[in-house]
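So the chains spell out like this:
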Amino acid sequence: MTEQAIEKLELENDLHHALADQQFVLNYQPILNVQTGDIIGVEALIRWQHPVKGLISPDNFIPLTEETGLIISIGEWVLEEACAQNKAWQEMGLPPLFVAVNVSAHQFKQRDFMNKVEDVLNRTQLPSHFLELEITESSLMSDLAYFKELLFAFKRRGISISIDDFGTGYSSLSYIKDLPIDKLKIDKSFVQDEIDKKETIITSIIVMAKKLNMRVVAEGVETKEQYLYLKNNQCDQVQGYYFSRPVDSATMTQMLTKTKEQKELTSA
Ligand code: C2E
Ligand code: MG
Ligand code: MG
Ligand code: MG
């Protein structure tokens, strides 16, 4: 066996008890309104605190959890934890935010997934409009007919859907117009492109989204130049290292508290 295959087997073994051993943590990355600069939401991003290998990023274990089916139980934990944390922030009197949760196609394909989401909202007492589910464009396109019906059902229940990594999967944008999607998240590869390439892709996504009454978020904003470009082109929301890296919940609480206190100083 190659070293890589052994590493994969080890991780797979360890994944089976990682949830029970409470080795997963959620980090949160702020999402800002471009025009006001206010934090209006956060994206929940999972990390695996491995007892020997240290902190493992989701790209290095989420695919394995999808192969093994563990994504179902791990995804449920993520959803519950993220909603409970958001509710806790609201109870602390912090300005209400939405929380965006990444959901794998395997989770969406469970027959009772919608009920599970509603159960979580009931248990955590988080109103549905403070939750956004993110589905990647490639998941969506893997079974467009299925997802179309499902997304309408979510829409009827007041739960918003964002398309993650938008622009990476398909060159045709036209399929999007028939879907009840609230938000497009422009993939960071476009945000970080050179200005002339950006011009065509980012501006056409934004123009199309406006016509379809969808919001647009740009992810992976790392520089002031990138931020100003998005601001000048009427992008709605931004997320990226330029504003903040994903941080643990305690750090996020501090950040939100500080922002609130600063606002109160100037609005007195
Ligand atoms: P994503 O949903 O597209 O999340 C955005 C990724 O970009 C995150 O990586 C985030 O840390 C990173 N990022 C944010 N701002 C910047 C920036 O300015 N520059 C750069 N270079 N990167 C930035 P992360 O946390 O490693 O997550 C990677 C992917 O793993 C996510 O991509 C998502 O697809 C998946 N993932 C994360 N958490 C979960 C989860 O709870 N469930 C599922 N199913 N997937 C998850
Ligand atoms: Mg995401
Ligand atoms: Mg993305
Ligand atoms: Mg991604």
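So, here's what we can say about the structure. Computed from a prediction, not measured in an experiment: that's the story for all the values here.

A separate point is the layout of surface pockets. Approximately 1,000 Å³ is the volume attributed to the largest pocket. Among the elements of the structure, β2 (39–50), α2 (62–68), α3 (71–91), α4 (105–108), β5 (131–136) and β6 (160–166) are those that each provide at least two residues to the lining of the largest pocket. In terms of residue count, β2 provides more of the lining of the largest pocket than any other element does, five residues in total. The residue makeup of the lining of the largest pocket, split by class, is 14 nonpolar, 12 polar and 11 charged.

This part takes up the packing of aromatic side chains. What describes a pair of aromatic rings is the distance from one ring centre to the other and the angle between the planes of the rings. Counted according to the given criterion, the structure contains 13 aromatic pairs. Three or more aromatic residues joined by ring pairs form one cluster here, namely F108, F113, Y146, F147 and F154. Note that K109 overlies the ring of Y146, its terminal NZ or CZ placed 6.0 Å from the centroid. Its guanidinium or amino end placed over the ring of Y241, R245 lies 3.8 Å from that ring's centre, counting from NZ or CZ.

It is worth spelling out the site of ligand 1 at this point. Within the structure, ligand 1 sits among 24 residues, and R47, N102, D164, E222 and Y241 are positioned closest to it. Here an oxygen atom of ligand 1 and a side-chain polar atom of N102 are 2.8 Å apart. With respect to ligand 1, the side chain of K188 contributes an N or O atom lying 2.9 Å from an oxygen atom. If ligand 1 stood free it would expose 800 Å²; the protein chains cover 87% of that surface. Counting only elements with at least two residues in the shell around ligand 1, the list comes to β2, α3 and β6. Ranked by the residues each element gives to the shell around ligand 1, the list is headed by β2, at four residues. The residue inventory of the shell around ligand 1, partitioned by class, reads nine nonpolar, six polar and nine charged.

Criteria and cut-off values
Residues numbered from 1 in each chain as written. Chains lettered and ligands numbered in written order. Predicted model: local features only at pLDDT ≥ 70, side-chain atom pairs only at ≥ 80, totals over all residues. Heavy atoms only, no water. 1 Å grid on protein atoms, 1.4 Å probe; cavity = no way out; pocket = protein on both sides within 12 Å on 5 of 7 lines; lining within 4 Å. Points joined across faces, edges and corners; volume = space filled by probe spheres on them. Helix = DSSP H or I, 4+ residues; strand = E, 2+ residues; numbered from the N terminus. Nonpolar A, V, L, I, M, F, W, Y, C, P; charged D, E, K, R; others polar. Phe/Tyr/Trp six-rings, centres within 6.5 Å; stacked < 30°, edge-to-face > 60°. Lys NZ or Arg CZ within 6 Å of the ring centre and 35° of its normal. Near = heavy atom within 4 Å. Polar contact = N/O pair within 3.5 Å; in protein donor to acceptor, adjacent residues only side chain to side chain. Areas by Shrake-Rupley, 256 points an atom, 1.4 Å probe, with all protein chains shown as cover.

By themselves, these are just geometric observations and shouldn't be taken as functional.
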